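Residue strings, one per chain:
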Amino acid sequence: MPTGYTEKIRDGISFKEFALNCSRAFGALIHMRDDPMDKEIPKSIIVSDYDLVMSQKIKRELEELLNLPRSEIQKRIDAEYDSAEKRRIESLKKDTDLKNKYEIMLKQAIEWTPPTPDHAELKKFMIEQIQQSIRCDCSVEYLEIQTSKMSVEEWRAESIERLKSRIKHHEEEYAKECKRAEEKTAWIQALKGSL
């Protein structure tokens, strides 16, 4: 039975066409493996500009941040704090409610009398499962501590550092994308040149 790659041999395709079709299963053209076989193989790989666009966007954000007045920064700090505090209180309530449900079920499991000695391991297992879930799902101590608001200087410094880190990340990723495109293009051109 022919494969997707050998099917056209019966129609008399050339070795070059066969080799180019098979090349879709390798390195530079792996992204084409599910494309229709009649889709043309490109002469070169186009560099994605996603990371370049993102780094430029973040640079504009950084420039805006550097020129942001103290009063606007304070508004952002207040809004971020209020939002974080609301999430903290909601999470605390949700986890506390869950812990209460677990503890009610744990009490029932502890008080349950297994109907036979063969059910004793079941009781032990049920108790262990609930205790493990309480440890993993209901650790509310960190939610009980209210965080303090940052100062304008702390917020600005942290925001600048975060944006610089994101810019660096996208610039590095863009450089890697350019190198990959160059290597894939060289692979494609070497293949086509050999055929």
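Quick note: structure is the one above.
All values derive from a computational prediction rather than experimental measurement.

Our focus in this paragraph is helix H6 (residues 152–194). The end-to-end C-alpha distance of H6 is 63 Å, a good match for the 63 Å that 43 residues give at a rise of 1.5 Å each. Looking at the buried positions of H6, the neighbouring elements they touch are helix H1 (15–22), helix H2 (50–66) and helix H3 (70–111).

Taken N-terminus to C-terminus, the directions of H3 and H6 make an angle of 85°; their axes are 10 Å apart at the nearest point. Considering their axes alone, H3 and H6 lie roughly perpendicular with respect to each other. Facing Arg70, Ile73, Gln74, Arg76, Ile77 and Glu80 of H3, the residues of H6 in contact are Val152, Glu153, Trp155 and Arg156. Looking at the contact of H3 with H6 residue by residue, the class counts come to 4 nonpolar, 1 polar and 5 charged.

Here the focus is the pattern of salt bridges. Scanning the entire structure with this criterion turns up 13 salt bridges. Lys57 is the salt-bridge partner of Glu61, the closest N and O atoms lying 3.6 Å from each other. A residue pair is termed a helical-turn pair when its members lie 3 or 4 positions apart in one helix, as Glu61 and Lys57 do in helix H2 at 4 residues. The salt bridge involving Glu171 is made with Lys59; its shortest N-O contact spans 2.9 Å. With Glu171 in helix H6 and Lys59 in helix H2, the pair connects residues that are 112 residues apart, well separated along the chain. Taking the relative accessible area as the measure of exposure, Glu171 reaches 37% and is therefore partly exposed.

Basis of the calculations
Residues numbered from 1 in each chain as written. Predicted model: local features only at pLDDT ≥ 70, side-chain atom pairs only at ≥ 80, totals over all residues. Heavy atoms only, no water. Helix = DSSP H or I, 4+ residues; strand = E, 2+ residues; numbered from the N terminus. Expected span 1.5 Å × (residues − 1). Contact = heavy atoms within 4.5 Å. Axes fitted to C-alpha atoms, helices over the stretch in contact; angles between N-to-C directions. Parallel < 35°, antiparallel > 145°, perpendicular 65-115°, else oblique. Nonpolar A, V, L, I, M, F, W, Y, C, P; charged D, E, K, R; others polar. Salt bridge = Lys/Arg side-chain N within 4 Å of Asp/Glu carboxyl O. Buried < 20%, exposed > 50% of the residue type's maximum accessible area, 1.4 Å probe, protein only.

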